[in-house]
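What follows is the residue order along each chain.
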Amino acid sequence: MWVARRFLSSVVKRSQYTGQSGLFRRPKHGSLPELDLRYLQCTCCWRSRVPVAGLETLNAALTSASEPCTGDDSGPLDDRYTSGQRDAILLLLNTASPAELAGVKLLRGRKSLNIVEYRTKNGPFTTLESVVNVPLLKHKSAVVVFNAILHPVKKEKRVRIQLAKFIRPEVDRSWLENANSIVSIVCGTNKIAWANVDRGMTVLEWQQKECPNFLTGTYTASAYLNDVSAVVSLLPSADFFIVEKPSISVQNTTLFPVMAHMRTVEAMLFALLEPKNSVPDSNIPPRVLNMMRTGVGRHFGLIVGECRTSGAQTVRQLMTESVTQKVPRINFPPELLARYRNHFQMGSRRGGEELCDALLQALAFFELLSQSSS
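Residues numbered from 1 in each chain as written. Predicted model: local features only at pLDDT ≥ 70, side-chain atom pairs only at ≥ 80, totals over all residues. Heavy atoms only, no water.

Caption draft 1: Representation of the overall build of the chain. For the chain, the count of helices and strands is 13 helices and 11 strands. A total of 374 residues make up the chain; the buried ones form 40% of that total. Within the chain, residue pairs in contact and separated by at least 24 positions form 60% of the contacts whose partners lie at least 6 positions apart. For the chain, the exposed surface amounts to about 21,100 Å²; the carbon and sulfur share of it is 54%. (Helix = DSSP H or I, 4+ residues; strand = E, 2+ residues; numbered from the N terminus. Buried < 20%, exposed > 50% of the residue type's maximum accessible area, 1.4 Å probe, protein only. Contact = heavy atoms within 4.5 Å. Areas by Shrake-Rupley, 256 points an atom, 1.4 Å probe, with all protein chains shown as cover.)

So, in structure tokens, the structure goes:
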């Protein structure tokens, strides 16, 4: 597409012969009007120009401008790069994991999954031109991706992980990166739920247990200890136990009984799960960590105003993708899918909010750890 810069306004004003805004400049006394050169400009690359002297040359200029643009954004993709550059680009696109592809400009999100699905179905990419067959990747975006692969932006390494914003206590990133599995624990008003997830994003265990002594009587310590100990005895082994940190404000006096209940269970979980020989300020990382509930909510877009909404719909979507996508966000064993397939329906009274929150907390932990390491 070619457009005539300043051409239309000049035609409108050319009969007025005022100033220099028309097609012709204002004539001097006793002389003919002077031509004021204009040009046509390519809207594809905004660089190519064809000069146009006046109306009598416009048709000829439009004829030459109708030829295909030879700007920087056109032409076969393979001709734009050397053989070595093409090999480097194809090597990454054919071997990188979705997480590695997500680190390339424009490939975060669905595009990285589309690349993996396309090469799994159709085989490895053999030419750069074949990449535009991937859904959501067209010519211009492919050029940006290829250039980002050849010239990656170097990021400074940080000593502390980004999870430090909502992980307590703050620990060295290397400790978390060496973890093979975690157990995510969420406490409710009458139950405790947990999800055991490994680094390969596979759910190993996912369940909850009723706690009949919660929020009854006067928070009897021995009764609470019996319920919490019963849960701890069922938890699988893991490198870290992630306990949800509720976001109940101490200024909200109406929720003070619930806040006291949450803090009591949280303290008991820390005491029962942390090794007895743990020494503060030692080189041994803590086994029990807190993860802020609001941080997990922001990661999944579940914060409305200052409130955290239900994660049931997000969990249902994750379960569906586990069986419909070749590279799902998280993998569920068939027995867990069969057990919970109707558990999180709208209006269900099964009480699955704690199960949802435990799973989302584990997923957010690994995803945020992966983002901070890239």
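Caption draft 2: How the structure looks around the packing of aromatic side chains. Within this structure, the stated rule accounts for eight aromatic pairs. Taking the centre distance of 5.7 Å and the plane angle of 45 degrees together, the rings of Trp206 and Phe332 count as tilted. Of this pair, Trp206 sits in strand 7 (residues 203-210) while Phe332 sits in the loop between helix 11 (312-324) and helix 12 (334-340); the two residues are 126 residues apart in sequence, bridging distant segments of the chain. You can call Trp206 buried: its relative accessible area is 0%. Between the aromatic rings of Phe214 and Tyr224, the centroid separation amounts to 5.1 Å while the plane-to-plane angle is 25 degrees, which identifies the pairing as stacked. You can see Phe214 sitting in the loop between strand 7 and helix 8 (221-232) and its partner Tyr224 sitting in helix 8, a full 10 residues away along the chain. Cluster of aromatic residues (ring-pair linked, three or more members): Trp206, Phe332, Tyr340 and Phe344. (Phe/Tyr/Trp six-rings, centres within 6.5 Å; stacked < 30°, edge-to-face > 60°.)

Caption draft 3: Local environment of the pairing of strand 8 (residues 240-245). Taking burial as the measure, the six residues of strand 8 include five buried ones, the bulk of the element. Note that strand 5 (residues 181-187) and strand 8 share four bridges and pair parallel. The residue bridging Val183 from the neighbouring strand is Phe241, located in strand 8. The sheet contact formed by strand 8 and strand 9 (residues 288-292) spans five bridges and is parallel. In the strand pairing of strand 9, Lys245 is matched with Met292. (Pairing = 2+ DSSP bridges.)

Caption draft 4: Summary view of helix 6 (residues 139-150). With 12 residues, helix 6 extends 17 Å from end C-alpha to end C-alpha; this agrees with the ideal 16 Å at 1.5 Å per step. Taken together, the buried positions of helix 6 are occupied by Ser141, Ala142, Val143, Val145, Phe146, Ala148 and Ile149. Among the structural elements, helix 3 (83-95) are those in contact with the buried residues of helix 6. (Expected span 1.5 Å × (residues − 1).)

Caption draft 5: The pattern of salt bridges, seen in detail. Tallied over the entire structure, the rule returns eight salt bridges. A salt bridge links Glu367 to Arg329; the shortest N-O distance between them is 2.7 Å. Of this pair, Glu367 sits in helix 13 (residues 353-373) while Arg329 is found in the loop between helix 11 and helix 12, placing the two residues 38 residues apart along the sequence. Residues participating in the shared-partner salt-bridge network are Glu244, Arg293, Arg308 and Asp357. (Salt bridge = Lys/Arg side-chain N within 4 Å of Asp/Glu carboxyl O.)

Caption draft 6: Representation of the side chain of Asn114. Position of Asn114 relative to the elements: it lies in helix 5 (residues 110-122). A polar atom in the side chain of Asn114 sits 2.9 Å from the side chain of Arg110. Engagement of the side chain of Asn114 in a polar contact is seen with the backbone oxygen of Pro135, the distance being 3.3 Å. If we ignore the near neighbours within four places in the chain, the residues touching Asn114 are Val134, Pro135 and Leu136. (Polar contact = N/O pair within 3.5 Å; in protein donor to acceptor, adjacent residues only side chain to side chain.)

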